[in-house]
Amino acid sequence: MANAPEQSHLVIRNAYILTMDDELGDISRGDVHVHGGVIVGVGPRLAAPDAEEVDGAGMIVMPGLIDAHTHLWTSQMRGCFGDTPETIYFKSRNRLGDCYRPEDVYAGTLLGAAESIFSGITTTVDFFHNNRGADYVDGCLRALKEAAIRCRFLCGASTKSLPSEPVDLARFEKLNGTWHATVGDLPLSLGLAWRGPLGIMSVIK
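Treat the numbers as computed from the prediction; the structure is a model and nothing was measured.

Caption draft 1: Representation of the sheet that holds strand S9 (residues 188–192) within the structure. The sheet built from four strands is open, its strands ordered S6-S7-S8-S9 with parallel pairing. Of all the strands in the sheet, the pair left with one neighbour each is strand S6 (65–70) and S9. Taken over all neighbouring pairs, the strand axes of this sheet differ in orientation by 15° on average, direction set aside. Taken together, the four bridges between S6 and strand S7 (residues 121–128) define a ladder with parallel strand orientation. Bridging across to S7, threonine 70 finds its partner in aspartate 126.

Caption draft 2: Fine view of a nonpolar patch on the surface. On the surface, Tyr16, Ile60, Met62 and Leu65 cluster together into a nonpolar patch covering about 390 Å² of accessible area. Mapping leucine 65 onto the fold places it in strand S6. Classification of leucine 65 by relative accessible area gives partly exposed; the value is 40%.

Each value, and the rule that gives it
Residues numbered from 1 in each chain as written. Predicted model: local features only at pLDDT ≥ 70, side-chain atom pairs only at ≥ 80, totals over all residues. Heavy atoms only, no water. Pairing = 2+ DSSP bridges. Helix = DSSP H or I, 4+ residues; strand = E, 2+ residues; numbered from the N terminus. Axes fitted to C-alpha atoms, helices over the stretch in contact; angles between N-to-C directions. Patch = residues over 30% accessible without salt bridge, like charges linked within 9 Å, V, L, I, M, F, W, Y side chains within 5 Å. Areas by Shrake-Rupley, 256 points an atom, 1.4 Å probe, with all protein chains shown as cover. Salt bridge = Lys/Arg side-chain N within 4 Å of Asp/Glu carboxyl O. Buried < 20%, exposed > 50% of the residue type's maximum accessible area, 1.4 Å probe, protein only.

Next comes the structure, spelled out in structure tokens:
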């Protein structure tokens, strides 16, 4: 079973804080006290005698961003798309995705999750639609667990599937039944990525 990283006890000092709270408003020079993964205090000159101190002077502290629709597994494809018939997103993505191995799905998902965290995104909805088998799903989950990003993992069909092909619900139900044993106390949840009525392939014809 996977375990979340040990939570720090820290206080960020002297930062410009965007609280997104109507009552608190913005604080031009304030502190944020975090204990056990929970924000326990926001304001100027907070008392936190046992906390590790982080100098936030000249920096902005704000809530993490939420990316409500991403495909982390395609991270290596960035820069490969264009606006010609041969380079449009769907056609290029499907052509490249056909060559992906489970380890490529793992690498793309890990890269995308790390890049998200670096960019201030702390929660993401990952629409996985290169599902060619359990080893591909395992590659995604291994990457998400290592990154420890908060994620709603939407398990979908393969980019090769046709509109007439049903989603493999039996495999999805099996994954759901072992979910807690797989992700432990990490902030990962499971969802089903429903396919639109046109499927994935038909949009490029």
